[in-house]
Amino acid sequence: MNAPAARKRSERAILELTALYAQYGYREFRMSKFEEYDFYAEYRSFLQAENILTFHDPSGKLLALKPDITLSIVRSVKEGSPLPQRLCYSETVYRAAGGMRSFREIPQVGLEYIGEIGLYAMCEVLSLALDSLSALSPSFIMDVSHVGLAGGLLAETGLPAHTQAELSSRIRAKNAHELTALCAANGVDAALAEKLKRLSGLYGPSEEVLKEVRTLDVNQTTHAAIAELSALCGALAHAGCGGVNLDFSLLNDLSYYNGVIFQGFLPELHACVLSGGRYDSLLRRMHKPGGAIGFAVNVGLLDGLGAPNAAYDADVLLLCGADADAPEALRRARELTAAGKRVTVRSAEDGAVRARETLRIGAEESK
């Protein structure tokens, strides 16, 4: 089997996704495999990582194999840099596995949009997330949330931050019983407790769920979140990007994330394959200008699915059997590749190349 046909799913995905992001002006970001440990330790809550793999360099400095790409990208943005910056990457991160008794390598492809985050920026990133999932499988699910909904409702309780965090964990677990009991134990108004309970159970197509979400509006924070979600979902539908589901049990660290957050799933996989969101708060903490939104695709999960069933090695197979036809074959190959097609030229059709279309050059054309 030739090399392209033998590629793993992860390798194919890396090539396809990075090409997709480049079409929208995202330039590649490259980094070292490690950073100083203190850098990651300072932002550990953003990483949501219990353990970080560390080692000492020859000078005795404590270094860490990178558990995250976003932090390094944000740190790379210099004061006075032109914004927005569109950056994409294909890197490996290192995270704990097996009850944190071992570490695993996770190949990721992703992008970050850094600058003023208006409706278009959010739409561009979410549309690319949808396109990424579509490139991986014709059947996928994208769940979208907005931290302003839960954040606004929780703030309305007036409870201390640690108690709000407990309520948030019950929302994340969709545990309506414990959520209700915790609200009662802390004297949360019954009507507000009911709204929190309803929020935790909301899930479904955006056009349906948004109708009920509007009944949960209690303050300026929730109002702004609902308006932003409505505009975002409407714009994606208008552009023909495909539908998304709303799931308000999807919550990340509210001290770092703000605005929209999202996850993508493939039916063949047990785990989330794509995750992302808006994280202006992280930029403020790192004293960087503007806001940011991005996502990462765990392409390493794809290799467990085996080889694609309907993969093509080329878009066009050009058959050129005689040297006299070589100039025309070269001209046609260049013409097709300039149009964005993948081309393979062979002297005979032997089954080694799977192509969407086969064209014959010169004497081959009359056969």
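Residues numbered from 1 in each chain as written. Predicted model: local features only at pLDDT ≥ 70, side-chain atom pairs only at ≥ 80, totals over all residues. Heavy atoms only, no water.

Asks: Tell me about the nonpolar core, and name the residues and values.
Replies: One finds Tyr21, Phe262, Val273 and Phe295 to be the most contacted residues of the largest nonpolar core, which totals 64 residues. Among the elements that line this core, the one with the most residues is helix α6 (residues 119-136), at ten residues. Listed in part, the 31 residues of the second largest apolar core include Phe29, Leu47, Ala64 and Tyr279. (Core = buried A, V, L, I, M, F, W, Y, C linked by side-chain atoms within 4.5 Å. Buried < 20%, exposed > 50% of the residue type's maximum accessible area, 1.4 Å probe, protein only. Helix = DSSP H or I, 4+ residues; strand = E, 2+ residues; numbered from the N terminus.)

Asks: How would you explain the packing of aromatic side chains if you had to name every residue and give the values?
Replies: Tallied over the entire structure, the rule returns seven aromatic pairs. An angle of 65° between the planes, with centres 6.3 Å apart, marks the rings of Phe262 and Phe295 as edge-to-face. Of this pair, Phe262 sits in strand β10 (residues 260-265) while Phe295 sits in strand β12 (residues 291-298), and the two are 33 residues apart along the sequence. Taken as a pair, Phe262 and Phe295 share a single burial class, namely buried. Sitting over the ring of Phe39, Arg75 keeps its end group 4.0 Å from the ring centre. (Phe/Tyr/Trp six-rings, centres within 6.5 Å; stacked < 30°, edge-to-face > 60°. Lys NZ or Arg CZ within 6 Å of the ring centre and 35° of its normal.)

Asks: So what's going on with unusual backbone geometry? Which residues, and what values?
Replies: The linkage connecting Leu83 with the following residue, Pro84, adopts the cis geometry, with an omega of 5°. Within the secondary structure, Pro84 is located in the loop between α5 (70-76) and β5 (85-97). Residues other than glycine seldom take positive phi values, yet Lys174 does so here, at roughly 55°. For Lys174, the position within the fold is in the loop between α8 (161-172) and α9 (176-185). For His287, which is not glycine, the phi dihedral falls at a positive 60°. Inspection of the secondary structure assignment puts His287 in the loop between α13 (280-285) and β12. Under the relative-accessibility criterion, His287 is labelled exposed at 72%.

Asks: So what's going on with empty space enclosed by the protein? Which residues, and what values?
Replies: Tallied over the entire structure, the rule returns one cavity of 30 Å³ or more. Approximately 30 Å³ is the volume attributed to the largest cavity. Around the largest cavity, the lining residues are Leu317, Arg346, Ala348, Glu349, Asp350, Gly351, Ala352 and Val353. (1 Å grid on protein atoms, 1.4 Å probe; cavity = no way out; pocket = protein on both sides within 12 Å on 5 of 7 lines; lining within 4 Å. Points joined across faces, edges and corners; volume = space filled by probe spheres on them.)

Asks: Report on the pattern of salt bridges, specifying residues and quantitative values.
Replies: Using the criterion set out here, one finds 16 salt bridges in the structure. Taking the shortest distance from any N to any O, the salt bridge between Arg331 and Glu335 comes out at 3.3 Å. Placement of the pair is Arg331 and Glu335 together in helix α14 (residues 326-338), with a separation of four residues, close to one helical turn. Given a relative accessible area of 43%, Arg331 falls into the partly exposed group. Linked through salt bridges whose partners overlap, the residues forming this network are Glu328, Arg331, Arg332 and Glu335. (Salt bridge = Lys/Arg side-chain N within 4 Å of Asp/Glu carboxyl O.)

Asks: Account for the pairing of β12, with residues named and values stated.
Replies: For β12, the buried fraction is high: eight of the eight residues fall into the buried class. Going residue by residue along β12, you find Gly291, Ile293, Phe295 and Val297 tucked away on one face and Ala292, Gly294, Ala296 and Asn298 tucked away on the opposite face as well. Bridge count for strand β6 (residues 102-115) against β12 is eight bridges, and the pairing is antiparallel. Looking at β12, one finds that Gly115 is bridged to Gly291. Bridge count between strand β11 (residues 274-278) and β12: five bridges; the pairing is antiparallel. Note on β12: the bridge partner recorded for Gly276 is Phe295. (Pairing = 2+ DSSP bridges.)

Just geometry here; none of it tells us what the structure is for.
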